[in-house]
Amino acid sequence: MQKTQAQTSNAVEPKIKKRPILFVDRDGTLIKEPEDYIIDSYHKLRFLPGVIIALSQIQAAGWDIVIVTNQDGLGERYSWDDFNGPHELMLEIFASQGVTFKEVFIDTTYRHQGAHTRKPEIGLVAHLKDDPTIDWERSAMVGDRITDAQFAENLGIGAFLLASSDPNLHCGTWVWPQIAQHLLAGHPVPKAQEEIAAAKDLGAQV
Ligand SMILES: [Mg+2]
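Residues numbered from 1 in each chain as written. Predicted model: local features only at pLDDT ≥ 70, side-chain atom pairs only at ≥ 80, totals over all residues.

This part covers the nonpolar core. In this structure, Leu22, Ala140, Met141, Val142, Ala149, Ala152 and Ala159 are the most contacted members of the largest nonpolar core, which totals 42 residues. Mapped by element, the contributors of at least two residues to this core are β1 (21-24), α2 (51-60), β2 (64-70), β4 (140-143), α4 (146-155), β5 (158-161), α5 (176-184) and α6 (192-201). With five residues, α4 is the largest single contributor of residues to this core. When near neighbours in sequence (up to four residues on either side) are disregarded, Ala159 contacts Ala140, Met141, Asp148, Ala149, Ala152, Pro190, Ala192 and Glu195. (Core = buried A, V, L, I, M, F, W, Y, C linked by C-beta atoms within 7 Å. Buried ≥ 20, exposed ≤ 12 C-beta atoms within 10 Å, placed from the backbone. Helix = DSSP H or I, 4+ residues; strand = E, 2+ residues; numbered from the N terminus. Contact = placed C-beta atoms within 7 Å.)

Rendered as structure tokens:
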């Protein structure tokens, strides 16, 4: 009997515990996007409704959270010093409520440069595709622009596009409490392609 048990346990490969990632955009997703689209001072830092509690629930339920943000011309159009102050304060406020970000990826190029690191391209996170500890099926991207859903599509994961107060964006319909409820209930993540189609129906610019 003991021998059988030993043989059985030897036959079982050690199982890797996989964790899903919730990729999140920053401006217009975690914090509100100001009219000039640049958060280069403390007074421009405003959080989206419900985002802190939603992310704390999602993290507690087992998701890692990773920021992927395009910051056009950071270091040129506006300085890293001006960016870092409000950015670090944002991270501290999240941390004070138990939300920590596993990684923060920032692309500083302009759209016309066509960099492979700029969303919707996935150059900043492509190395994660080889990570056997990531549960891709339950991973998703949350953003406020159609390029965020295209990033999800390129990465092979689902997407949630947020309702925006900016009429020029108007991509999606999700709000943070709904996203947390959806994920915690174990519902499948919306397919990126469907979020893209819905955004186009809403009149979002591609
Ligand atoms: Mg955004």
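Now that the structure has been shown, the text picks up again.
To continue, consider unusual backbone geometry. Apart from glycine, the bulk of residues carry a negative phi angle, and the bulk of peptide bonds sit in the trans form. Put simply, Lys119 and Pro120 share a cis peptide bond, and its omega is 15°. Among the structural elements, Pro120 can be located in the loop between β3 (103-107) and β4. Positive phi, normally seen in glycine, also occurs at Tyr37, with a value near 60°.

Attention shifts here to the confidence of the model for the protein chain. Per-residue confidence for the protein chain gives a mean pLDDT of 92; residues scoring 70 or more make up 91%. Below a pLDDT of 50 lies the segment residues 1-6, which in the model reaches zero contacts outside its immediate sequence neighbourhood of four places, other chains included. (pLDDT = per-residue confidence, 0-100.)

Quick look at the sheet that holds β5 now. Strands sit in the order β3-β2-β1-β4-β5 across an open sheet of five strands; the sheet is parallel. Edge strands, defined here as strands with exactly one partner in the open sheet, are β3 and β5. Adjacent strand axes in the sheet meet at a mean angle of 20°, parallel and antiparallel pairs treated alike. Here β1 pairs with β4 via three bridges, running parallel. By the bridge assignment, Phe23 is partnered in β4 with Met141. (Pairing = 2+ DSSP bridges. Axes fitted to C-alpha atoms, helices over the stretch in contact; angles between N-to-C directions.)

Moving on to the pairing of β4. Residue alternation in β4 divides its side chains into two sets, Ala140 and Val142 and Met141 and Gly143, and both sets are buried. As defined by bridge partners, β4 adjoins β5 across four bridges and the pair is classed as parallel. Across the sheet, the residue bridging to Gly143 is Leu161, located in β5. For the crossover from β4 across α4 to β5, the handedness is right-handed. (Right-handed = clockwise from strand over helix to strand, strands pointing away.)

Another point: the packing of α4 against α6. Geometrically, a packed helix pair is captured by the angle between its two axes and the distance between the axes. Closest axis-to-axis distance for the α4/α6 pair is 8 Å, and the angle between their directions is 160°. Taken as axis vectors, α4 and α6 run roughly antiparallel relative to one another. Of the two possible hands of crossing, α4 and α6 adopt the one that is left-handed. Within the contact between the two elements, α4 uses Ile146, Ala149, Gln150, Ala152 and Glu153 and α6 uses Ala192, Gln193, Glu195, Ile196 and Ala199. (Parallel < 35°, antiparallel > 145°, perpendicular 65-115°, else oblique. Left-handed = near helix turned anticlockwise from the far one by under 90°.)

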